Amino acid sequence: MQYEYIELIVEENVGRLTLDRPEKRNAIVPELALEVTDALERIEDDVRAVVLEGKGSAFCAGMDLEKRFYETRQEGPRAFYEAGRKTGTMFTTLFDYNRPVVAKIDGWTFGAGYCLQAVCDFAITTEESVFGLSEINFGIIPGGGAMWAAVNTMNRRKALYYTSTGESFTGAEAEEIGAVTEAVPEDDLDDAVENLVNSLVEKNPVAMQFNTAVLERVRYMDFHEALDYERGKSEEMKYYQQDEWVDEGIGQFKEREYKPGLEAYDE
Ligand code: ACO
């Protein structure tokens with residue numbers, strides 16, 4: 001499959017997806033979003049993890065402001081709605097994806113680009129990258145998931161501050177406020193991402209899949225609801241694993257082949 005706005009490589013069991021619109025700082029147009037969605041769906045059964053990055057100086061400078069807002073205004077409300085629907089599917093596909101996705105961030109990350117990294121399971125950034133929820137700077141509020149991204153990746157005070165001021169912040173600051181998983185010096189970015197990916201792909205894939213899905217749900221439950229839900233989901237997971245966790249995960253521990261507190265069992 002030949003794409004125009006993205007590059008896709010599958011290396012062993014890892015999908016590597018690169019936004020390829022560097023001349024526009026990887027700003028999102030519907031076609032780019034549809035390609036990302038298509039690529040993710042195609043590789044889902046063949047990979048154990050995906051790395052999402054941007055070519056050039058940006059991870060993603062947000063929605064293409066001219067095409068998304070100016071041009072669709074000329075075309076009318078239907079065009080405006082359709083553009084939003086197509087780009088929205090990319091975010092929901094990523095959020096619901098059955099494999100862990102690591103955003104690898106080296107550069108500008110604004111608005112819808114901020115949302116893009118937030119719907120990935122992990123975000124590793126360079127300390128020098130620049131983030132922002134800049135919508136207020138051109139007169140609107142974060143939408144299309146970006147407000148959700150703000151309140152779900154930073155605390156209320158910081159989310160209000162950055163969405164109200166439009167002020168940008170660095171990757172190092174993003175790590176301090178919990179907005180990304182980790183910020184590293186530029187030279188260490190490749191290694192940091194690969195170390196994380198290696199850790200993810202060696203884990204039981206069914207457990208990996210359930211882990212994220214259950215975590216996202218129980219965040220919004222009270223303790224009793226969570227207890228019931230976790231119990232039910234654990235049983236469902238064990239069914240799909242065909243009790244591999246007992247045979248191998250616990251079996252290898254019983255044989256003293258590994259220390260589960262320090263490493264994963266050998267699949
Ligand atoms: N939408 C459309 N075009 C964009 C976008 C965007 N979000 N971001 C950059 N571009 C274009 C520029 O217009 C320029 O196009 P041109 O070559 O035709 O003039 C090209 O990409 C390069 O951009 P520069 O501004 O020249 O690049 P620079 O590296 O100096 O600055 C920066 C990068 C800071 C990202 C700047 O381009 C910028 O402020 N972009 C907008 C960021 C933003 O606020 N995005 C919206 C978030 S809100 C939302 O997503 C709904």
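Up top is the structure these notes are about.
Worth saying up front: this structure is predicted, and the values here are computed from it rather than measured.

**Student:** Mind showing me how you'd approach helix H4 (residues 112-119) here?
**Tutor:** Since one α-helical turn is 3.6 residues long, residues separated by three or four positions face the same way. The element H4 is largely enclosed, with a buried count of 8 among its 8 residues. The complete set of buried residues in H4 reads Ala112, Gly113, Tyr114, Cys115, Leu116, Gln117, Ala118 and Val119.

**Student:** What am I meant to see in the pairing of strand E1 (residues 6-11) here?
**Tutor:** Each regular strand carries side chains that alternate between the two faces of the sheet. Of the pairings in the sheet, the one linking E1 to strand E2 (residues 14-19) comprises 6 bridges and is antiparallel in character. Across the sheet, residue valine 10 finds its bridge partner in E2, namely glycine 15. Hairpin connection of E1 to E2: 2 residues between the antiparallel strands, including glutamate 12 at a positive phi of 50°.

**Student:** Which parts of the structure should I look at to understand a negative patch on the surface?
**Tutor:** On the surface, Asp106, Glu127, Glu128, Glu167, Glu173, Glu175, Glu176, Glu182, Glu186, Asp187, Asp188 and Asp191 cluster together to form a negatively charged patch. The element contributing the most residues to the negative patch is helix H7 (residues 171-176), with 3 residues. Here glutamate 128 lies in the loop between strand E7 (122-126) and strand E8 (130-132). Residue classification places glutamate 128 among the partly exposed positions, given a relative accessible area of 47%.

**Student:** What's the story with the sheet that holds E1 in this structure? I'm lost.
**Tutor:** Pairing between sheet strands relies on hydrogen bonds along the backbone, with the strands arranged either parallel or antiparallel. Taken in spatial order, the 6 strands line up as E1-E2-E3-E5-E7-E10 in an open sheet, and their pairing is mixed. Among the strands making up the open sheet, the edge pair consists of E1 and strand E10 (182-184). Geometrically, the sheet is characterised by an average inter-axis angle of 20° between neighbouring strands, direction not taken into account. In this sheet, E7 lies alongside strand E5 (residues 101-105) in parallel orientation, the contact comprising 4 bridges.

**Student:** Sorry, what's going on with the sheet that holds strand E4 (residues 58-60) here?
**Tutor:** Strand order in the open sheet formed by 4 strands is E4-E6-E8-E9, and the pairing between neighbours is mixed. Two strands in the sheet have a free side with no partner beyond their single neighbour: E4 and strand E9 (169-170). Here strand E6 (residues 108-110) pairs with E8 via 2 bridges, running parallel. Pairing of threonine 109 across the sheet is with phenylalanine 131, part of E8. Against the sheet, H4 makes contact with E4, E6, E8 and E9, and its axis sits at roughly 95° relative to E6, the strand it touches most.

**Student:** What should I look at first to understand the packing of aromatic side chains in this one?
**Tutor:** Any aromatic ring pair is given by two values, namely how distant the centres are and how the planes are angled relative to each other. Counting across every chain of the model gives 11 aromatic pairs. The interplanar angle of 85° and the centroid separation of 5.4 Å between the aromatic rings of phenylalanine 95 and tryptophan 148 together place this pair among those described as edge-to-face. Of the two residues, phenylalanine 95 is situated in helix H3 (residues 77-95) and tryptophan 148 in helix H5 (residues 146-153); the sequence distance between them amounts to 53 residues. Its relative accessible area of 30% is what places phenylalanine 95 among the partly exposed residues.

**Student:** Quick question: what am I supposed to make of the site of the ligand here?
**Tutor:** What surrounds the ligand is a group of 17 residues, the closest being Lys24, Ala61, Met63, Leu65 and Ser134. Taking tryptophan 108, its side chain carries an N or O atom lying 3.4 Å from an oxygen atom of the ligand. Alanine 112 has a polar backbone atom sitting 3.0 Å from an oxygen atom of the ligand. Summarising the interface, the protein chains cover 64% of the accessible area of the ligand, which totals 930 Å² for the free molecule. For the shell around the ligand, the secondary structure elements donating two or more residues are helix H2 (65-75) and E6.

**Student:** Just checking my understanding: could you explain the nonpolar core for this structure?
**Tutor:** Within soluble globular proteins, side chains that are nonpolar tend to cluster in buried spots. Among the nonpolar cores identified, the biggest contains 47 residues, and Ile28, Leu52, Leu94 and Leu116 are the most heavily contacted of them. Excluding anything up to four places from it in sequence, isoleucine 28 contacts Ala33, Cys60, Gly62, Met63, Asp64, Thr87, Met90, Phe91 and Ala112. By size, the runner-up hydrophobic cluster in this structure holds 14 residues, among which are Val14, Ile124, Ala192 and Val193.

**Student:** Please explain the pattern of salt bridges as it appears in this structure.
**Tutor:** Between side chains of opposite charge, a pair can form when the charged atoms approach closely. Considering all chains together, one arrives at 15 salt bridges under this definition. Across the pair glutamate 7 and lysine 55 runs a salt bridge whose closest N-O atoms are separated by 2.5 Å. Placement of the pair is glutamate 7 in strand E1 and lysine 55 in the loop between strand E3 (49-54) and E4, with a sequence separation of 48 residues. Here the salt bridges share partners, and the residues they tie into one network are Glu7, Asp20 and Lys55.

**Student:** Could you clarify how one ought to interpret the packing of H2 against H3 in this entry?
**Tutor:** Two quantities define a packed helix pair, namely the angle between the axes and the distance from one axis to the other. With their axes 7 Å apart at the nearest point, H2 and H3 run at an angle of 140° to one another. Looking at the two axes, H2 sits oblique to H3. Across the interface between the two elements, Arg68, Phe69, Thr72 and Glu75 from H2 touch Ala79, Phe80, Ala83 and Gly84 from H3. Looking at side-chain class alone, the contact of H2 with H3 contains 4 nonpolar, 2 polar and 2 charged residues.

The rules behind the values
Residues numbered from 1 in each chain as written. Predicted model: local features only at pLDDT ≥ 70, side-chain atom pairs only at ≥ 80, totals over all residues. Heavy atoms only, no water. Buried < 20%, exposed > 50% of the residue type's maximum accessible area, 1.4 Å probe, protein only. Helix = DSSP H or I, 4+ residues; strand = E, 2+ residues; numbered from the N terminus. Pairing = 2+ DSSP bridges. Patch = residues over 30% accessible without salt bridge, like charges linked within 9 Å, V, L, I, M, F, W, Y side chains within 5 Å. Areas by Shrake-Rupley, 256 points an atom, 1.4 Å probe, with all protein chains shown as cover. Salt bridge = Lys/Arg side-chain N within 4 Å of Asp/Glu carboxyl O. Lys, Arg positive; Asp, Glu negative; His and termini not counted. Charge placed at Lys NZ, Arg CZ, Asp CG, Glu CD. Axes fitted to C-alpha atoms, helices over the stretch in contact; angles between N-to-C directions. Contact = heavy atoms within 4.5 Å. Phe/Tyr/Trp six-rings, centres within 6.5 Å; stacked < 30°, edge-to-face > 60°. Near = heavy atom within 4 Å. Polar contact = N/O pair within 3.5 Å; in protein donor to acceptor, adjacent residues only side chain to side chain. Core = buried A, V, L, I, M, F, W, Y, C linked by side-chain atoms within 4.5 Å. Parallel < 35°, antiparallel > 145°, perpendicular 65-115°, else oblique. Nonpolar A, V, L, I, M, F, W, Y, C, P; charged D, E, K, R; others polar.

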